[in-house]
Amino acid sequence: MNWTFFVSLLWGLWGTVVLSLLTFLFGGIAGFLIAMARISPVKAISRIAAAYIEFMQGLPLLVLMGLCFYGPGIFGYHSWTPLQAATFALTLYASSYLGEIWRGCLQSVAKPQWEAAECLGLTRWQRMRAVILPQALRIATPPTVGFMVQIVKNTSIASLVVGYAELSYNAKIINNSTFQPFLYFGIAALMYFAVCYPLSVQSRALERKFNVANR
């Protein structure tokens with residue numbers, strides 16, 4: 001195996017990690033806001049959030065990424081860099097799914113908990129911060145980490161549309177030069193596994209810690 005190619009795969013892995021982290025950060029922030037909007041007592045806000053979720057989940061990620069990359073140029077703006085376009089598209093994608101996941105987790109907290117917090121005279125934000133969110137966190141941990149694993153794997157779509165140099169892109173470029181697909185795609189698969197498997201293990205550990213199983 002050529003070590004130069006191996007280093008190229010490592011750089012590709014770094015690109016995957018960077019894109020995944022940016023998606024987790026911005027998608028998580030947007031997803032939390034969408035989840036809060038979904039459970040808003042104001043019907044208009046809740047419906048707008050629901051429409052956003054349905055629209056984003058109805059778009060293939062490949063199409064969404066293409067719109068984010070080529071769209072600005074249509075309106076006369078400078079096109080984004082591959083990283084910017086991929087991050088924005090994945091943020092929209094992740095926020096719609098995380099928003100719906102977390103909405104379900106918030107609403108799964110027992111109704112008496114909401115009522116008891118309201119009886120204490122707490123404001124809506126105080127009820128969320130002190131009573132509801134800590135309980136919802138226990139429920140949300142496994143599906144959230146599971147979705148994070150999906151995001152890591154979905155970063156490979158960025159290379160197909162915007163040419164972002166992540167792990168699968170670099171593996172493809174190396175294979176085009178060496179014609180050794182089993183070797184270099186196999187190494188890429190092991191690298192994906194090295195990133196995703198610890199996330200799954202951590203999810204199970206957090207699940208036990210938070211006693212999600214309600215032993």
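Further up the page is the structure itself.
All residue numbers refer to position in the chain's written sequence, counted from 1. Given that the model is predicted, a residue must reach a pLDDT of at least 70 before its local features are reported, and side-chain atom pairs must reach 80 or more before they are shown or counted; all residues, however, enter totals for whole chains, interfaces and linings. Heavy atoms throughout the structure, all of them, feed into the side-chain values; hydrogens and water do not.

K.L.:
Help me out: how do you make sense of the overall build of the protein chain in this one?
P.N.:
Assigned secondary structure in the protein chain consists of nine helices and zero strands. The helix and strand labels rest on DSSP assignments: H or I over at least four residues marks a helix, E over at least two residues marks a strand, and numbering proceeds from the N terminus. Put simply, the protein chain runs from its N terminus to its C terminus through helices and strands in the order α-α-α-α-α-α-α-α-α. Seen along its three principal axes, the alpha-carbon backbone of the protein chain occupies a region of about 70 × 50 × 20 Å. A fraction of 75% describes how many contacts in the protein chain between residues 6 or more apart in sequence connect residues 24 or more apart. Calculation of accessible area relied on Shrake-Rupley with a 1.4 Å probe; when residues are assessed, cover is drawn exclusively from the protein chains displayed. In the form shown here, the protein chain has an accessible surface area of approximately 12,100 Å², with 68% of it arising from carbon and sulfur atoms. Note on contacts: a residue pair qualifies if any of its non-hydrogen atoms lie within 4.5 Å across the two residues.

K.L.:
Would you mind showing me how to read the packing of helix H3 (residues 61–74) against helix H4 (residues 82–108) here?
P.N.:
Angle between the axes and distance between the axes: these two values describe a pair of packed helices. Geometry is summarised by axes, namely lines fitted to C-alpha atoms with helices restricted to the contacting stretch, and by angles between N-to-C directions that run from 0 to 180 degrees. Orientation of H3 relative to H4, taken along the N-to-C sense of each, is 135 degrees, at an axis distance of 8 Å. Considered as vectors, H3 and H4 are oriented oblique to each other. Here H3 runs over H4; the crossing is right-handed. Contacts between H3 and H4 pair Leu61, Leu64, Met65, Cys68 and Phe69 from the former with Pro82, Ala85, Ala86, Phe88, Ala89, Leu90, Leu92 and Tyr93 from the latter. Amino acids are sorted into nonpolar (Ala, Val, Leu, Ile, Met, Phe, Trp, Tyr, Cys and Pro), charged (Asp, Glu, Lys and Arg) and polar (every other residue, Gly among them). For the contact of H3 with H4, the class distribution of residues is 13 nonpolar, no polar and no charged. Roughly parallel refers to an angle under 35 degrees, roughly antiparallel to one over 145, roughly perpendicular to one between 65 and 115, and oblique to any angle outside these ranges. Handedness of a crossing is defined here by the sense of rotation of the near helix relative to the far one, left-handed for an anticlockwise turn of less than a right angle and right-handed for a clockwise turn.

K.L.:
Looking at this structure, I do not really get the packing of helix H1 (residues 3–38) against H4. What am I missing?
P.N.:
Contact pair H1 / H4: the axes reach a minimum separation of 6 Å and the direction vectors enclose 40 degrees. The pairing of H1 with H4 is recorded here as oblique in orientation. Between H1 and H4 lies a crossing of right-handed hand. Class assignment of the residues belonging to the contact of H1 with H4 gives a composition of 15 nonpolar, eight polar and three charged.

K.L.:
I tried to follow the environment of Ile132 on my own but got confused; where do I start?
P.N.:
With respect to the secondary-structure elements, Ile132 resides in helix H6 (residues 124–154). Relative accessible area serves as the criterion here: at 0%, Ile132 is assigned to the buried category. Spatially, the C-alpha atoms of Ile132 and Leu33 are 15 Å apart, while their sequence positions differ by 99 residues. Not counting chain neighbours up to four residues away, the residues in contact with Ile132 comprise Leu106, Val109, Gln113, Trp114 and Arg127. Only protein chains enter the accessibility calculation, which uses a 1.4 Å probe; a residue is then buried when its area is under 20% of its type maximum, exposed when over 50%, and partly exposed in between.

K.L.:
Is there a simple way to explain the nonpolar core in this structure?
P.N.:
Among soluble globular proteins, nonpolar side chains are generally buried collectively. With 36 residues, the main nonpolar core has Leu61, Leu64, Met65, Leu106, Ala158 and Val162 as its most contacted residues. If we skip the residues at most four places from it in the chain, Leu64 touches Met56, Leu59, Ala89, Leu92 and Tyr93. Here, nonpolar core means buried Ala, Val, Leu, Ile, Met, Phe, Trp, Tyr and Cys residues that are tied together by side-chain atoms lying within 4.5 Å of each other. Formed by 13 residues, the second largest nonpolar core is a distinct cluster that contains Leu9, Val149, Val152 and Cys196.

K.L.:
What should I look at first to understand the packing of aromatic side chains in this one?
P.N.:
The geometry of an aromatic ring pair comes down to the distance between the two centres and the angle between the two planes. Ring pairs shown here join Phe, Tyr and Trp side chains whose ring centres sit within 6.5 Å, with only the six-membered ring taken for Trp; geometry is labelled stacked below 30 degrees between planes, edge-to-face above 60, and tilted in between. In this structure the tally under the stated criterion is eight aromatic pairs. Relative to Tyr70, the ring of Phe69 lies with its centre 4.8 Å away and its plane at 75 degrees, an arrangement referred to as edge-to-face. Centroid distance Tyr93 to Phe147: 6.1 Å. Interplanar angle 25 degrees. Geometry classified as stacked. One end of the pair, Tyr93, is in helix H4; the other, Phe147, is in helix H6, with 54 residues separating them in the sequence.

Coordinates in, geometry out; function isn't part of it.
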